[in-house]
Amino acid sequence: MRHVLARGLRAVARRLLPPPRRDLRAQIVHADARASTFFQAIEYVNFEAVEGDILECGVFGGLSLSLLAHGATFDPKGMTRRIVGVDTFTGLPPSEESHARWEAGDCASIHGWHPLHKPGTPVTADLTRALFAECRLEPPVLYEGRFDAVFPRIVPDPHRAIALLHVDCDLYESTRDVLEGVAPALQDGTLILFDDWFHYKGHPGRGEARAFHEFLAAHPEWQAVHWRSYATFCNAFILVRR
Ligand SMILES: C[S@@+](CC[C@H](N)C(=O)[O-])C[C@H]1O[C@@H](n2cnc3c(N)ncnc32)[C@H](O)[C@@H]1O
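For clarity, every value in this text was computed on a predicted model and none was experimentally measured. (Residues numbered from 1 in each chain as written. Predicted model: local features only at pLDDT ≥ 70, side-chain atom pairs only at ≥ 80, totals over all residues.)

Student: When you look at the overall build of the protein in this model, what are you seeing that I'm missing?
Tutor: Per the secondary structure count, the protein includes 8 helices and 7 strands. Within the protein, residue pairs in contact and separated by at least 24 positions form 72% of the contacts whose partners lie at least 6 positions apart. (Helix = DSSP H or I, 4+ residues; strand = E, 2+ residues; numbered from the N terminus. Contact = placed C-beta atoms within 7 Å.)

Student: Please clarify how the packing of helix 6 (residues 147-154) against helix 7 (residues 172-182) should be interpreted in this entry.
Tutor: Helix-helix packing is characterised by the crossing angle of the two axes and by the distance between the axes. Orientation of helix 6 relative to helix 7, taken along the N-to-C sense of each, is 10 degrees, at an axis distance of 9 Å. With respect to helix 7, the element helix 6 is oriented roughly parallel. Residues Phe147, Asp148 and Phe151 of helix 6 lie in contact with helix 7, whose contacting residues are Ser174, Asp177, Val178, Gly181 and Val182. Here the residues of the contact of helix 6 with helix 7 are counted per class, giving 4 nonpolar, 2 polar and 2 charged. (Axes fitted to C-alpha atoms, helices over the stretch in contact; angles between N-to-C directions. Parallel < 35°, antiparallel > 145°, perpendicular 65-115°, else oblique. Nonpolar A, V, L, I, M, F, W, Y, C, P; charged D, E, K, R; others polar.)

Student: I keep staring at the pairing of strand 6 (residues 222-230) and nothing clicks. Help me out?
Tutor: Looking down a regular strand, the side chains alternate between one sheet face and the other. Bridge count for strand 6 against strand 7 (residues 234-241) is 8 bridges, and the pairing is antiparallel. Bridging from a neighbouring strand, Trp222 pairs with Arg241 of strand 7. In sequence, strand 6 turns back onto strand 7 through a hairpin of 3 residues, with Ala231 there showing a positive phi of about 45 degrees. (Pairing = 2+ DSSP bridges.)

Student: I tried to follow the environment of Leu92 on my own but got confused; where do I start?
Tutor: Position of Leu92 relative to the elements: it lies in the loop between strand 2 (83-87) and helix 5 (125-134). Given 19 C-beta atoms within a 10 Å radius, Leu92 is considered partly exposed. In this structure, the C-alpha to C-alpha distance between Leu92 and Trp102, residues 10 residues apart in sequence, is 8.3 Å. Sequence-distant contacts of Leu92, defined by excluding residues within four places in its chain, comprise Trp102, Ala104, Gly105, Asp106, Cys107, Asp170 and Leu171. (Buried ≥ 20, exposed ≤ 12 C-beta atoms within 10 Å, placed from the backbone.)

Student: Explanation requested: the packing of helix 7 against helix 8 (residues 207-218) in the structure shown.
Tutor: In the contact formed by helix 7 and helix 8, the axes pass within 7 Å of each other and the chain directions differ by 35 degrees. Crossing geometry of helix 7 relative to helix 8 is assigned as right-handed. Contact with helix 7, carried on its side by Tyr172, Thr175, Arg176 and Leu179, involves Gly207, Glu208, Arg210, Ala211, Phe212, Glu214 and Phe215 of helix 8 and no other residues of that element. (Left-handed = near helix turned anticlockwise from the far one by under 90°.)

Student: Help me understand the site of the ligand, please; the structure alone is not making it clear to me.
Tutor: By nearness alone, 21 residues border the ligand, and Gly58, Phe60, Ser64, Asp168 and Ser174 come closest of all. Contributing elements (two or more residues each) for the shell around the ligand: helix 4 (63-73) and helix 7. Among the residues forming the shell around the ligand, the class breakdown is 9 nonpolar, 7 polar and 5 charged. (Near = placed C-beta within 6 Å.)

Laid out in structure tokens, this is it:
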């Protein structure tokens, strides 16, 4: 009788409680070839005691931001960092450079694998907040808007320092606006991860690579030291103050 009662209570509890999501983080790590680099990037800025926040420019459905937050959770050096994301959440703006696959408006709705949402679901900041909640991660700091409009409002106050910058906005113009926008918060040792470095068939005068080369030419106080290339299209640099 006791067993029957216990089974009944468990069945009721299963219906009332949200389904367990303990394996969600593991699924996201498993699905993303960038995960180990994100974790090691955080280990790097922690070990080198580079001050500041972890900032992602180009959040989309929140998967990479959740990985960065996941990595930060296991900080062995105990540095406290905010997890910050900036996006219009309306997809790619137009660009003067054409790419073989991208079009203005891409990324306005979910495409590809997402653990919570079907392809075609409109992207909003709340999707990322929900993903963090399901992953049992602290809520991220999210800013909604174009980079050139958002950064003058948030840098250097409240974001005075950036330790790790994940640039995942695909386009030359967007990357240019990110780099100029975050310039006052860059640190000696800031690690910059470019998600789309080798797109445009690796052309150094297009896309994110073009924007970074122009930024370095305009800011001779910064030298870029190559850290690593990773996954399919990505490349990373450490900023060193001359
Ligand atoms: C490829 S998605 C980001 C993917 C995400 N980091 C991930 O790995 O799951 C690119 C994002 O950049 C955003 N974006 C591009 N240019 C932007 C701009 N100028 N201002 C704000 N957001 C922009 C788009 O809205 C889009 O969500």
